[in-house]
Amino acid sequence: MDVRFPIGELQVPEKGTVENSQEWLKEIETYTIRLRETVDPLCDDELSRTYRDGSWTVRQLVHHIADSQLNMYQRLKLALTDENPTVPDFDQEKWAIQPDTKLPIESSIKMLEGINERIVALGYSLTEEQLNRAFTHQKNGEITVATKVAKLAWHEEHHLAHIKIALSK
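Residues numbered from 1 in each chain as written. Predicted model: local features only at pLDDT ≥ 70, side-chain atom pairs only at ≥ 80, totals over all residues. Heavy atoms only, no water.

For the protein chain, an unreviewed UniProt entry supplies the name Damage-inducible protein DinB and the organism Sporosarcina psychrophila.

## Some thoughts on the sheet that holds strand E1 (residues 86–87)
Spatially, the 3 strands line up as an open sheet ordered E1-E2-E3, and their pairing is mixed. Of all strands in the sheet, those with a lone pairing partner are E1 and strand E3 (141–144), marking the two edges. When E1 meets strand E2 (residues 134–137), the two strands line up parallel, connected through 2 bridges. Across the sheet, Thr 86 pairs through a bridge with Thr 136, a residue of E2. Lying over the sheet, helix H3 (residues 58–81) contacts E1 and E2, oriented at roughly 125° with respect to E2. Contacts between helix H7 (residues 145–168) and the sheet are confined to E2 and E3, with E3 contributing the most and set at about 80° to the helix. (Pairing = 2+ DSSP bridges. Helix = DSSP H or I, 4+ residues; strand = E, 2+ residues; numbered from the N terminus. Contact = heavy atoms within 4.5 Å. Axes fitted to C-alpha atoms, helices over the stretch in contact; angles between N-to-C directions.)

## A closer look at the pattern of salt bridges
This structure, assessed with the given rule, holds 9 salt bridges. One salt bridge in this structure joins Lys 26 and Glu 23, with 3.2 Å as the shortest N-O distance. In this pair, Lys 26 and Glu 23 are both assigned in helix H1 (residues 18–39), 3 residues apart and thus about one turn of the helix distant. Using a relative accessible area of 45% as the deciding quantity, one classes Glu 23 as partly exposed. Glu 106 is the partner of Arg 36 in a salt bridge, and the nearest nitrogen-oxygen pair spans 2.7 Å. Remark: Glu 106 occurs in helix H5 (residues 106–123) and Arg 36 occurs in helix H1; sequence separation between them is 70 residues. Here Glu 106 falls in the partly exposed class, since its relative accessible area comes to 29%. When salt bridges that share partners are traced, they join Arg 36, Asp 40, Glu 106 and Glu 113 into one network. (Salt bridge = Lys/Arg side-chain N within 4 Å of Asp/Glu carboxyl O. Buried < 20%, exposed > 50% of the residue type's maximum accessible area, 1.4 Å probe, protein only.)

## Here's the deal with the side chain of Ser 21
In this structure, Ser 21 sits in helix H1. Since its relative accessible area comes to 2%, Ser 21 is described here as buried. Once residues lying within four places of it in the same chain are set aside, the contact partners of Ser 21 are Gly 123, Leu 131 and Val 149.

What follows is the structure, encoded as structure tokens:
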């Protein structure tokens, strides 16, 4: 197993459907419960563990998941409200070392609970036409709403697997 991609790389059908989207949303809907089960009982030493040399700590991963979901949620909303907007990249390495990432992880978990609730409420209302809307990412090109919903689910699971690997060491 490649620990950089413990659940494999993101796989998205060529054309995302409402059914695909609803499966991804089910994962997002239960994510913070599963994240809490994993990280709530952790002490400071455990939050400082990494899943591989040079990787982020468990603490940084939890904050990153919230930061990333926030950015992806904004992109999703822009794709639904604007005509193929261009969205900037965000430097996740620089975000990961900002002073707010020293806060207790509870702040990011609460943020995730709210963001994910909004993503799920919005997501369950999406039509096939809306799933095909897109935005243009500054570096990665055109991305559909369906692909973004898939990435929202995959990204959380990807980093939960990283956290579990770090805790197994």
